[in-house]
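# Structural description and commentary
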Amino acid sequence: MQINTVRTAGKKSIIIETKTEEDKNKLVSGDLKRRLEEKGLKVENLRKKNPKIILFSIHRDTTEKEFKENVYNQNFKESQITKDNFMEGFKYSFTRGNRDNSYCNWIFQVTPEIREFLISKDRIYARWESHYIKDFTGLTRCYRCQGYGHKAQGCREKEDTCGHCAGKGHRYQDCPNKNRRETCANCKRFGKDADHPATDPDCPAYRNALEREISRTGYTKN
């Protein structure tokens, strides 16, 4: 069996990423699964996360409840999705945009069924305004270790890694090497070309983490 990564998921779980589907099936079925469960371990396929969408140019005075009501009432008449299912499956996550601007962008986590229905439209209507919509595939980056997929409060590293020079023991704001070019801590960690910022959208480590995130997300209801 060939395993790509093993990582923790909370206090009592681990996620094992295998190289092939055949390797995964060795873990989740057959004799190996039986032997692991005899040791008191529960083995199951990783459930895919619900996708996120981003809606653009929402006025900051808008309330979440009002917005959700208007989105359903003005866009879902021809849908088979009930209002109760919509309200439960259309969950506000966070806001993006300049704090000084009257308008911002809202990110929602939605069920695959709601996502399919909304993405099929050019715009979403709410009260007297319309909003562009698209899939949101942003990654969480830890400001302690600079890695992806978790926040600083959940980081297992005891020492800060600088987001500018990739050095250990200090943060970006205290970096003594601000006069030098930025170094990507993630690529340096894996022995790759690190002569670019950790925030570079073309960073190999970022692209790899983004591909993994997309593969773990359920975009369709089938």
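Preceding this paragraph is the structure being described.
First, a word on scope: everything that follows refers to the structure included in this document. Remember, predicted model here, so these are calculated numbers, not experimental data.

### A closer look at the environment of Lys48
On the secondary structure map, Lys48 appears in the loop between helix 2 (30–38) and strand 3 (52–59). Judged by its relative accessible area of 53%, Lys48 is exposed. Separated by 168 residues in the primary sequence, Lys48 and Arg216 have C-alpha atoms spaced 5.1 Å apart. Sequence-distant contacts of Lys48, defined by excluding residues within four places in its chain, comprise Ser215, Arg216, Thr217 and Gly218.

### Here's the deal with the nonpolar core
Counting residues in hydrophobic clusters, the biggest one holds 20 residues, and the most contacted among them are Phe76, Phe90 and Leu118. Listed by contribution, the elements that provide at least two residues to this core are strand 3, helix 3 (64–75), strand 5 (103–110), helix 5 (112–119) and strand 6 (123–126). For this core, the element with the most residues is strand 5, which contributes 4 residues. For Leu118, the residues in contact, after removing those within four places along its chain, are Ile53, Phe76, Phe90, Ile124 and Ile133.

### Focus: the sheet that holds strand 3
Strand order across the open sheet formed by 5 strands is 4-5-3-7-6, with antiparallel pairing between neighbours. A strand with exactly one partner marks an edge of an open sheet, and here the two such strands are strand 4 (90–96) and strand 6. Taken over all neighbouring pairs, the strand axes of this sheet differ in orientation by 35 degrees on average, direction set aside. As paired elements, strand 6 and strand 7 (residues 129–136) share 4 bridges and run antiparallel to each other. Considered in strand 7, the bridge of Tyr125 is made with Ser130. On the sheet, helix 3 packs against strand 3, strand 4, strand 5, strand 6 and strand 7 and is oriented at approximately 115 degrees with respect to strand 6. Set on the sheet, helix 5 makes contact with strand 3, strand 4, strand 5, strand 6 and strand 7; between it and strand 7 the angle comes to about 125 degrees.

### Considering the side chain of Asn70
Within the fold, Asn70 resides in helix 3. Residue Asn70 is classed as buried on the basis of its relative accessible area, which comes to 18%. Leaving out residues up to four positions away in the same chain, Asn70 has contacts with Asn75, Tyr125, Ala126 and Arg127.

### Some remarks on the pattern of salt bridges
Taken as a whole and assessed by the stated rule, the structure comprises 16 salt bridges. The shortest N-O distance in the salt bridge between Glu21 and Lys24 comes to 2.8 Å. Here Glu21 and its partner Lys24 are both found in helix 1 (residues 21–28), 3 residues apart, which amounts to about one turn of the helix. Residue classification places Glu21 among the exposed positions, given a relative accessible area of 51%. Look at Lys24 and you get partly exposed, because its relative accessible area is 27%. Taken together, the salt bridges that share partners define one network made up of Asp31, Arg34, Arg35 and Glu38.

### Details of the side chain of Asn186
Structurally, the position occupied by Asn186 is in helix 6 (residues 185–189). The exposure class of Asn186 is buried, given its relative accessible area of 4%. Here Arg189 takes part through its side chain, which lies 2.9 Å from a polar atom of the side chain of Asn186. Setting aside anything within four residues of it in sequence, one finds Asn186 in contact with Gln146, Gly147, Tyr148 and Ala205.

### Points about a nonpolar patch on the surface
Where nonpolar side chains cluster on the molecular surface, the patch consists of Met1, Ile3, Val6, Ile14 and Ile16 and spans about 440 Å² of accessible area. Residue assignment for the nonpolar patch shows that the elements contributing at least two residues are strand 1 (3–8) and strand 2 (14–18). Note that Met1 resides in the segment before strand 1. Among the residues examined, Met1 registers a relative accessible area of 45% and is labelled partly exposed.

Rules used in this analysis
Residues numbered from 1 in each chain as written. Predicted model: local features only at pLDDT ≥ 70, side-chain atom pairs only at ≥ 80, totals over all residues. Heavy atoms only, no water. Helix = DSSP H or I, 4+ residues; strand = E, 2+ residues; numbered from the N terminus. Buried < 20%, exposed > 50% of the residue type's maximum accessible area, 1.4 Å probe, protein only. Contact = heavy atoms within 4.5 Å. Core = buried A, V, L, I, M, F, W, Y, C linked by side-chain atoms within 4.5 Å. Pairing = 2+ DSSP bridges. Axes fitted to C-alpha atoms, helices over the stretch in contact; angles between N-to-C directions. Salt bridge = Lys/Arg side-chain N within 4 Å of Asp/Glu carboxyl O. Polar contact = N/O pair within 3.5 Å; in protein donor to acceptor, adjacent residues only side chain to side chain. Patch = residues over 30% accessible without salt bridge, like charges linked within 9 Å, V, L, I, M, F, W, Y side chains within 5 Å. Areas by Shrake-Rupley, 256 points an atom, 1.4 Å probe, with all protein chains shown as cover.

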